[in-house]
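# Structural description and commentary
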Amino acid sequence: MAEKLNVDLREDFGKGASRRLRAESRIPAVLYGHGEAPLHLSLPGHDTALAARNPNALLELSVPDGTKHLALIKEIQRHPLKRSLTHLDLITVRKGEKVEVEIPVILTGEPVAPAAAFVDLQTLTLLVDALHVPEHVEIDVEGAEDGFQVFAGDVTLPKDSELISDVELLVASVALPRVEETEDEESEGAAESEDTQESAEEE
């Protein structure tokens, strides 16, 4: 389901105009697509920030003239310290259209202890229906043992989607946790090293 946002058209541009918008809890944005002239928009800050938690959220933009546009987020710019939204690039999408998107990878289930599961590739690039972008790709590691690996070509994809990423990319794996050397072992190793050195000096 599309996230509905009431937007305004922008007539003032530049850094000063953008700062004024952000001071009013609005976010400047540009809507591109399908060979049409870009639309410079002002988005509601709070509602847009909530919608942008899902980077592949479908947005329904309602303009004051009564027109509506379906869009996906192409790029998000954030404040370097506050991490708040400062600007969005949006692309127009239409029913029946396919788009290339980055879909997050998540793991479900638990491997056989003491092995642990790892996501080696955070996202997969898929070609999907523009109006039905999946939120994530799931990989089941229930009962998996040390050495278990899943490559991009092995992943079960969401319905009506196509893999764009290299099929040979490692996406997830299961491995035993690394055993850190204890302080006692380190002390013992140091003592052995000293004894070896003393023996060499005596000779």
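Residues numbered from 1 in each chain as written. Predicted model: local features only at pLDDT ≥ 70, side-chain atom pairs only at ≥ 80, totals over all residues. Heavy atoms only, no water.

## Quick word on the overall build of the protein chain
Across its full length, the protein chain holds 3 helices and 14 strands. In the protein chain, buried positions account for 33% of the 203 residues. Of all intrachain contacts in the protein chain linking residues separated by at least 6 positions in sequence, the fraction that spans at least 24 positions is 60%. (Helix = DSSP H or I, 4+ residues; strand = E, 2+ residues; numbered from the N terminus. Buried < 20%, exposed > 50% of the residue type's maximum accessible area, 1.4 Å probe, protein only. Contact = heavy atoms within 4.5 Å.)

## Focus on the sheet that holds strand S7 (residues 85-92)
As summarised here, the arrangement of the 7 strands in space is S1-S5-S6-S7-S3-S4-S2, forming an open sheet in which the pairing is mixed. The open sheet is flanked by strand S1 (3-6) and strand S2 (8-9), the only strands paired with a single partner. By the bridge criterion, 2 bridges tie S2 to strand S4 (residues 39-44) in an arrangement that is antiparallel. Across the sheet, residue Asp8 finds its bridge partner in S4, namely Ser42. Of the strands in this sheet, strand S3 (26-32), S4 and S7 touch helix H1 (residues 15-23), which is tilted by about 125 degrees from S3. (Pairing = 2+ DSSP bridges. Axes fitted to C-alpha atoms, helices over the stretch in contact; angles between N-to-C directions.)

## Observations regarding H1
Those residues of H1 that fall on the buried side of the exposure criterion are Ala17, Ser18 and Leu21. Summarising the axial view, the buried residues of H1 lie within an arc of 100 degrees, below the 170-degree limit, and thus occupy one face. H1 presents Lys15, Arg19, Arg20 and Ala23 as exposed residues on the side facing more than 90 degrees away from its buried surface. Along its buried surface, H1 packs onto S3 and S4. Two residues or fewer past H1, Ser25 is found with a positive phi of approximately 60 degrees. (Arc of directions from axis to C-beta.)

## Some points on the pattern of salt bridges
Here the structure, examined in full by the defined rule, presents 3 salt bridges. Between Asp8 and Arg26 there is a salt bridge whose closest N-O contact spans 3.3 Å. On the criterion of sequence distance, the pair formed by Asp8 in strand S2 and Arg26 in strand S3 is long-range, its members being 18 residues apart. In this structure, the salt-bridge partner of Glu60 is Lys68, at a minimum N-O distance of 3.6 Å. Looking at Lys68, the relative accessible area reads 56%, which means it is exposed. (Salt bridge = Lys/Arg side-chain N within 4 Å of Asp/Glu carboxyl O.)

## Observations concerning the sheet that holds strand S10 (residues 123-129)
A sheet is described by the order of its strands in space; here 4 strands give the open sequence S11-S8-S10-S13, paired in mixed fashion. Pairing within the sheet leaves two strands with one partner each, and these edge strands are strand S11 (137-140) and strand S13 (162-163). In the sheet, strand S8 (residues 98-108) pairs with S10 via 7 bridges, with the strands oriented antiparallel. Across the sheet, Val101 pairs through a bridge with Leu126, a residue of S10.

## Some details on the nonpolar core
Judged by nonpolar contacts, the single largest core of 25 residues is most densely connected at Val99, Leu124, Leu126, Ile139, Val155 and Val171. If you list the elements that add at least two residues to this core, you get S8, S10, S11 and strand S14 (170-175). What Ile139 contacts, discounting residues up to four positions off in sequence, is Val105, Ile106, Leu107, Thr108, Val150, Val155, Val171 and Ala172. Within the second largest apolar cluster, 18 residues are counted, among which are Ala29, Ala51, Leu61 and Leu90. (Core = buried A, V, L, I, M, F, W, Y, C linked by side-chain atoms within 4.5 Å.)

## Details of the side chain of Thr48
Here Thr48 lies in helix H2 (residues 45-51). Discounting chain neighbours no more than four positions away, the residues touching Thr48 are Leu5, Ile27, Leu43, Leu85 and Leu88.

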